[in-house]
Amino acid sequence: MTSSLVLSSPISRKMLPFRSTSRLLAKPNRPTSSRFLLAPPPPWKVSQLSGKVLVRTSIRDSDTKETDSSSSPLVGEDSAVFEIGEQKILSWVYFSGIVGVVLFILNVAWLDGSPSGLGLGKAFMDSVSGLSDSPEVVMLLLTLIFAVVHSGLASLRDAGEKVMGARAYRVLFAGISLPLAVSTVVYFINHRYDGVQFMAAPGCPWSTSTRVVHNFVSFFPPLSFYLNLLEVAAVDKPKMHLWETGIMRITRHPQMVGQVMWCLAHTLWIGNSVALAASVGLIGHHLFGAWNGDRRLAIRYGEAFEAVKSRTSIVPFSAIIEGRQKLPKDYYKEFLRLPYLSITVLTLLAYYAHR
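Residues numbered from 1 in each chain as written. Predicted model: local features only at pLDDT ≥ 70, side-chain atom pairs only at ≥ 80, totals over all residues. Heavy atoms only, no water.

Hey, could you go over the overall build of the chain for me, with residue numbers and the actual values?
In terms of regular secondary structure, the chain is built from 13 helices and 3 strands. The buried share among the 355 residues of the chain stands at 35%. Expressed as a percentage of contacts within the chain between residues at least 6 apart in sequence, the contacts between residues at least 24 apart total 69%. (Helix = DSSP H or I, 4+ residues; strand = E, 2+ residues; numbered from the N terminus. Buried < 20%, exposed > 50% of the residue type's maximum accessible area, 1.4 Å probe, protein only. Contact = heavy atoms within 4.5 Å.)

Right under this line is the structure:
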């Protein structure tokens, strides 16, 4: 009875037997243990829940995946992930349209030397070829021009994207680099048997099968560098990725490794000074690109890149042999993905196209 009367009666200040309302707010409990006072770990640190490890697949994404606690947690991104259910048909329609437009512009503006075309590529080639009568010198000059432009624009990427956006800068980058790359490749194809012959190509019965295997091995790593075609074509917003799985466990710079293998094999196979000049230029460019790529990733990702760098290597299999890279038991599954299967088909087609 008394309690019901109290609850139904209005409360006045005179009825309050305790302190004023300004002191009624409870103070938050402050941790007394020093472990609660530590700063939260970086986003790439691992949290253990229920005996399992939650690992981020991307250092910028909040998505997590479970992995066995005995394996090393991922710091970078899981490469070549392709979920068909998440793909948009319209995005691939845009991709096809962009590729078609780029090829059309490249042909009309750069390759077509007829009166109906601009013939900028021919004018460029004539100007470079006019600097020397030596095909070796011209080959080196073309490679050097491409390397300076390509690596220079890559180094300016962060500043350029702040000014004009990631997609616009990708268009600028590709619009300048692609024509120069095409001219360099075309010149090599047209002059690959010029120059001084210093060794003859072997005529062994097993030479054909050896070339098939080598071309596959040398083409596969460079193509695996372009795992997200929608970003390459700027349909999706281009990002600077910190890949860690797949072929990255074998070598942190697959494009460089594949190009070095290709250059060494073709120099030995063709055996002349033009092939040697092309190989020297391309190997030098990709060695610089490996250093420059690590530098840019270190600037962008800091400690996360240092963690990936500590358990990967530039030299293939080096980190695995040294024990810094522990391959998962089901490592082969990291290659059973559509991007890698597509690369396999393209690699075989590339070989048979220039047999």
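Could you give an account of the environment of H191, with specific residues and numbers?
As for its placement among the helices and strands, H191 is situated in helix α6 (residues 166-191). Sequence separation between H191 and V274 is 83 residues, and the spatial gap between their C-alpha atoms is 7.3 Å. Within the structure, H191 has its side chain in polar contact with the side chain of D194 (distance 2.8 Å). (Polar contact = N/O pair within 3.5 Å; in protein donor to acceptor, adjacent residues only side chain to side chain.)

Tell me about helix α4 (residues 135-155), and please be specific about residues and values.
If you check α4, its first and last C-alpha atoms are 30 Å apart, about what 21 residues at 1.5 Å a residue would give, namely 30 Å. Among the residues making up α4, those that are buried are P135, E136, V138, M139, L142, T143, F146, A147, S151, L153 and A154. Residues of α4 that are buried in the fold lie against α3 (120-129), α5 (157-164), α6 and α10 (273-301). (Expected span 1.5 Å × (residues − 1).)

Give a description of the nonpolar core that names residues and reports values.
Judged by nonpolar contacts, the single largest core of 23 residues is most densely connected at F124, M139, L142, Y187 and F188. Those elements that provide at least two residues to this core are α2 (89-111), α3, α4, α6, α9 (254-270) and α10. Take this core: its biggest share by element is 6 residues, from α9. For M139, the contacting residues outside a window of four places in its chain are T184, Y187, F188, V274, A277 and A278. The next biggest cluster of nonpolar side chains, apart from the first, holds 9 residues, and it includes V75, M240, Y301 and A304. (Core = buried A, V, L, I, M, F, W, Y, C linked by side-chain atoms within 4.5 Å.)

Worth remembering: the numbers are spatial, not functional.
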